[in-house]
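# An overview of the molecular structure
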Amino acid sequence: MSAPYRHNCTGLPKSLCPLGPKTGTVEIKAQRKDMCTQLLERYLAEGETFLQLILTGDESWVHHYDPECKAQSMKYRHKTSPRPRKFKVVASARKVSLTVFWDIEGVDHMGFVEQGQTVNSERYVSTLRALKVRLSSVQGDKSSILQHDNACPHTSRQT
C-alpha cells in the first residue's frame with residue numbers, strides 16, 4: 001500500500017485524516033478561531049469548574065462481538081506445548097448505532113438506534129430531550145456546555 005494508508009488489525013486500509021481544521025471559507029475559519037479563543041479565555045478565567053460543565057456527544061457503530069486481531073490473541077506457551085487453535089471469526093450478525101454523552105466524571109447517557117434506523121435530526125432531538133431529562137434528575141439546575149461534531153443531524157435547524 002502507498003503512504004496515505006495505514007492497516008489496522010483486521011487488515012483493512014484506514015485513510016489518514018489530514019491534520020488541522022477542515023478546509024472551508026475564511027469566515028468559517030474565523031468563526032472557529034473566535035470560538036476556540038472564547039473557550040480558552042473562559043477556561044483561563046474559571047479553571048476546573050469550566051471543564052466540569054463540558055458534555056461531549058458522539059455516535060459509533062457497535063458490533064455484537066468484539067473482534068480480536070492476531071496480536072491481541074497471542075498467549076504465552078511453553079515451546080513443547082501445542083499451538084492453540086484459531087477459529088475463523090465470522091462477520092458480526094448485527095451492528096447497532098450507539099449515541100453516547102459523557103462529561104469529566106464519565107458517561108451520562110447512552111442510547112442505541114434500532115437496526116435499520118438512522119440518526120436524523122428528529123431522532124437526535126429526541127435523544128437530546130432524553131439527555132436533558134437525565135441530566136436534570138442527576139445534576140439539578142447545573143447547566144452544561146454541549147460539544148459535538150458538525151454532522152448534519154447535529155447542526156440542523158430543528159436541532
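Up top you'll find the structure we're talking about.
Residues numbered from 1 in each chain as written. Predicted model: local features only at pLDDT ≥ 70, side-chain atom pairs only at ≥ 80, totals over all residues. Heavy atoms only, no water.

## Describing the pairing of strand 5 (residues 106–113)
The cut-off we apply is this: By this definition, two strands are paired if DSSP reports at least two bridges between them. The helix and strand labels rest on DSSP assignments: H or I over at least four residues marks a helix, E over at least two residues marks a strand, and numbering proceeds from the N terminus.
The pairing of strand 4 (residues 95–103) with strand 5 spans seven bridges and is antiparallel. Residue tryptophan 102 lies in a different strand from strand 5, and its bridge partner there is valine 107. Between the end of strand 4 and the start of strand 5, which pair antiparallel, lie two residues.

## Quick word on the pattern of salt bridges
Basically, it comes down to this: Take a side-chain nitrogen of Lys or Arg and a carboxyl oxygen of Asp or Glu: if they are within 4 Å of each other, that pair is a salt bridge.
Scanning all chains against the criterion turns up one salt bridge. For arginine 42, the salt bridge identified is with glutamate 46, shortest N-O distance 2.8 Å. In this pair, arginine 42 and glutamate 46 are both assigned in helix 1 (residues 26–46), four residues apart and thus about one turn of the helix distant.

## Observations concerning the packing of aromatic side chains
Inclusion rule: Between rings of Phe, Tyr and Trp, where Trp is taken as its six-membered ring, a pair exists when centres lie within 6.5 Å; planes separated by under 30 degrees are stacked, by over 60 edge-to-face, and by other angles tilted. A 1.4 Å probe rolled over the protein chains alone gives each residue an accessible area, and that area as a share of the maximum for its type sets the label: buried under 20%, exposed over 50%, partly exposed in between.
Tallied over the entire structure, the rule returns one aromatic pair. When the ring of phenylalanine 101 is compared with that of tyrosine 124, the centres are 6.4 Å apart and the planes differ by 40°; the resulting orientation is tilted. Note that phenylalanine 101 is positioned in strand 4 and tyrosine 124 in helix 3 (residues 121–139), a separation of 23 residues in sequence. For the pair phenylalanine 101 and tyrosine 124, one class covers both residues: buried.

## Some remarks on a nonpolar patch on the surface
Threshold: In this analysis, a patch consists of residues with relative accessible area above 30% that form no salt bridge, clustered at 9 Å for like charges and at 5 Å for the nonpolar side chains Val, Leu, Ile, Met, Phe, Trp and Tyr. Residue-level accessible areas treat just the shown protein chains as cover; the underlying method is Shrake-Rupley with a 1.4 Å probe.
A cluster of nonpolar side chains, namely Trp102, Val107, Met110 and Phe112, defines an oily patch on the protein surface of about 400 Å² accessible area. Along the chain, valine 107 turns up in strand 5. By relative accessible area, valine 107 is classed as exposed at 51%.

## Considerations on the sheet that holds strand 5
Just so we agree on the cut-off: A fitted line through C-alpha atoms represents every axis, and for helices the fit uses only the stretch in contact; the resulting angles, taken between N-to-C directions, go from 0 to 180 degrees. Two residues qualify as a contact provided that any one of their heavy atoms is within 4.5 Å of a heavy atom in the partner residue.
Pairing is mixed across the open sheet formed by four strands, whose spatial order is 5-4-3-6. Of all the strands in the sheet, the pair left with one neighbour each is strand 5 and strand 6 (145–147). Recorded for the sheet is a direction-independent mean angle of 25° between the axes of neighbouring strands. Against the sheet, helix 3 makes contact with strand 3 (54–63), strand 4, strand 5 and strand 6, and its axis sits at roughly 150° relative to strand 5, the strand it touches most.

## Regarding the nonpolar core
Cut-off, in case you're wondering: Definition of nonpolar core: a set of buried residues of the types Ala, Val, Leu, Ile, Met, Phe, Trp, Tyr and Cys, connected through side-chain atoms within 4.5 Å.
Formed by Leu55, Phe101, Tyr124, Leu128, Leu131 and Leu135, the largest nonpolar core amounts to six residues. Of the residues forming this core, the biggest block, four residues, is contributed by helix 3.

## Quick word on helix 3
Residues spaced three or four apart along an α-helix face the same direction, because each turn holds 3.6 residues. Note the cut-off: Multiplying one less than the number of residues by 1.5 Å gives the expected span of a helix. Directions pointing from the helix axis toward each C-beta atom define the arc.
If you check helix 3, its first and last C-alpha atoms are 26 Å apart, about what 19 residues at 1.5 Å a residue would give, namely 27 Å. Taken together, the buried positions of helix 3 are occupied by Ser121, Tyr124, Val125, Thr127, Leu128, Leu131, Leu135 and Gln139. Down the axis of helix 3, the buried set is contained in an arc of 155°. They therefore lie on one face. Exposed and oriented more than 90 degrees from the buried face of helix 3 are Glu122, Arg129, Val133 and Ser137. Tucked inside the fold, the buried residues of helix 3 contact strand 3, strand 4, strand 5, strand 6 and helix 4 (152–155). Remark: glycine 140 follows helix 3 within two positions and exhibits a positive phi of approximately 75°.

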